[in-house]
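# Summary of the model geometry
This is what each chain is made of:
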Amino acid sequence: MTAVTGSAASDDAEDVDETARLHYAREAIEHAYAQGWTDGLPIVPVTEAVVEEFLAVTPRDRHEVVAAVPHLGRRCTVEQAAVNAAMAGCRPEYLPVVLAAWDALMNQRVVTGGGWQSTSGPAPLIIVNGPIRGELGINSAGGVLGPGFRANATIARAVGLVVRNVLGIRPQELEQATQGIPGRFTLCVGENEEESPWEPLATELGLPAGADAVSAMLLRTCEYVDNRHTTDPEGVLWDLTDTVARTGAVIGRNSSAGLLLGVEHAQLLAEAGMSKADVQRWISGHARRGAADLRRAGKEIEQGQDEGTGELRMVPDPDQIPIVVTGARNAAMSMVMRPFGFGGWSRTAHPVRRPAVSESDGGNRS
Amino acid sequence: MFEKMIDPTAGPDVAAGDAPRLAERTDRLDGLTVGLLANTKQNAAAFLDAVAESLAEEHAIADVVRRTKLSITDPVPPDILTELVDTCDVVVVGVGDCGSCSASAVVDGITLEAAGLPAAVICSDAFQVSADAMAGLRGSPGYRYVRTPHPVASLDADAVRERARTALPEIVGLLTGARPGAVAR
């Protein structure tokens, strides 16, 4: 903080003043840590004025309940979600996406049950469709699951801070994750609609083309499938299916699977004439394990076997294999993802609700 | 300092639920109908069956009513709760051996007590913290339940029966006047 020019006393005073303000900001962050309000990373201090900035960009009432865990008797209002979104580092205009993410999550049976407290430590996956991806800078291409994109990182984190601060579910207390999964509360992806050969997920789920929408589910993990080896669509499908069918993912009657399909794999399958539904049916039909394999792994499964072959169908319902096209078109790799919960995925997309555009602002959203 | 900083945990619903209310208990189980509320965790039904077997041998209970809660993470559904209240005198709940199901088992115990049925909830000791936190959250700090060593799911049939026999005195204690169960703090 040494003033290089050092001659003017007023410059020195400004330097001292700015340094003091920065140190005060740091103390505010330390205060939040001391209160137990953070997920381990620093948060943004929030004031009433900040909350109002956030509430100004949603048409929803501040008292509307957007999240709840009935068995804990805990609920979260729009206002509480706004406070935690601001703390998470969201810009105000991200709030409508955060709220739509909660709409989507609250439609998952596992979320309204005890899912947040599970030993599996599942992560919410938030999938965004529509032009709002470009408007807010939600990444849908290179490094989509990784760091570096404020909207992706903070929208997912805003959900996690609500779970911690409003629903009161904290690790090693009400939350009993054995290990949890890497990337918990960081998984927000845009679908790469521009390079996907198929209709967007939100359109598949019944919303109008071009709708800004969010879908969500809880995941137990993502596992890569790197197949840059073939142009044969069946080869790629078998490679994906081998991961889908691994015994370690089986619990209860069957397993669970979805695809975060890379652009190249998606285009290869589409060029072979396959729709998303065709891919879902193929994987559902081929992802099987025989009783001997399961027995060898110590898993005597008593239900869910195919009547003819005695094999276990890993994901018997093709509709329960969500497919999202995301990531860069620079290598033929994809992720098998593992939706969590026996109740199944809701197969719903939820509109991002924003204030009506007024005449006076020339059609721009603030 | 920092009093202008908004507390992200503050809100209308932070207060805990109603104050704890335990059901009236009798001194003996003789002649009573015992409800078994099992979740679908591996060995849960077997554990409760073994408890019922021992209760029948040692306490001359009148009858056993078995109900299974299909969602391990959700609280007991209203229809099953009504059936238990209508047909049983006491209920044994279990087995809470995962993060979400131990928490919901404790909620079920508190719900049954509030409905007038003495309940004994069995949780594995690996989930004590979670079960205790649930009890505190639902307004019953100090709620007692039976702890059995973790794990339960991987035990064979004989080991499950042995566990049930070991837990029996505590279960009987919780369902009758004496309450020597684990105390949630």
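Model, not experiment: these values are computed from the prediction.

Calculation rules
- Residues numbered from 1 in each chain as written.
- Chains lettered and ligands numbered in written order.
- Predicted model: local features only at pLDDT ≥ 70, side-chain atom pairs only at ≥ 80, totals over all residues.
- Heavy atoms only, no water.
- pLDDT = per-residue confidence, 0-100.
- Contact = heavy atoms within 4.5 Å.
- Disulfide = S-S within 2.5 Å.
- Buried < 20%, exposed > 50% of the residue type's maximum accessible area, 1.4 Å probe, protein only.
- 1 Å grid on protein atoms, 1.4 Å probe; cavity = no way out; pocket = protein on both sides within 12 Å on 5 of 7 lines; lining within 4 Å.
- Points joined across faces, edges and corners; volume = space filled by probe spheres on them.
- Nonpolar A, V, L, I, M, F, W, Y, C, P; charged D, E, K, R; others polar.
- Axes fitted to C-alpha atoms, helices over the stretch in contact; angles between N-to-C directions.
- Helix = DSSP H or I, 4+ residues; strand = E, 2+ residues; numbered from the N terminus.
- Parallel < 35°, antiparallel > 145°, perpendicular 65-115°, else oblique.
- Left-handed = near helix turned anticlockwise from the far one by under 90°.

### Quick word on the confidence of the model for chain A
Regions with low pLDDT should not have their predicted coordinates read in detail. On average, residues of chain A score 93 in pLDDT, and 95% of them reach the 70 mark or higher. Segment residues 362-366 of chain A is flagged for pLDDT under 50; beyond a separation of four residues in sequence, or across chains, it makes 8 contacts in the model.

### Details of the state of the cysteines
This structure, assessed with the given rule, holds 1 disulfide over all chains. The disulfide bridge from B:C98 ends at B:C101, spanning 2.5 Å between sulfur atoms. On the basis of relative accessibility, which here comes to 5%, the residue B:C98 falls in the buried class. Taking the relative accessible area as the measure of exposure, B:C101 reaches 1% and is therefore buried. Residue A:C222 stays outside any disulfide, its sulfur separated by 13 Å from that of A:C188, the closest cysteine. Overall, the relative accessible area of 23% leaves A:C222 in the partly exposed class.

### Observations concerning the layout of surface pockets
Residues and elements named next belong to chain A. Volume-wise, the second largest pocket comes out at about 440 Å³. Considering the residues around the second largest pocket, the lining is formed by 20 residues, among which D39, R157, R184, F185 and T186 are closest to the centre. Considering only residue class, the lining of the second largest pocket consists of 10 nonpolar, 4 polar and 6 charged.

### Side note on the packing of helix α4 (residues 95-105) of chain A against helix α7 (residues 150-165) of chain A
All names here are of chain A. Closest axis-to-axis distance for the α4/α7 pair is 9 Å, and the angle between their directions is 60°. By the angle between their directions, the pair α4 and α7 is classed as oblique. Judged by the sense of rotation from one axis to the other, the crossing of α4 with α7 is right-handed. Where α4 abuts α7, its residues V97, V98, A101, W102 and L105 lie against I155, A158, V159, V162 and V163. A per-class count over the contact of α4 with α7 returns 10 nonpolar, no polar and no charged.

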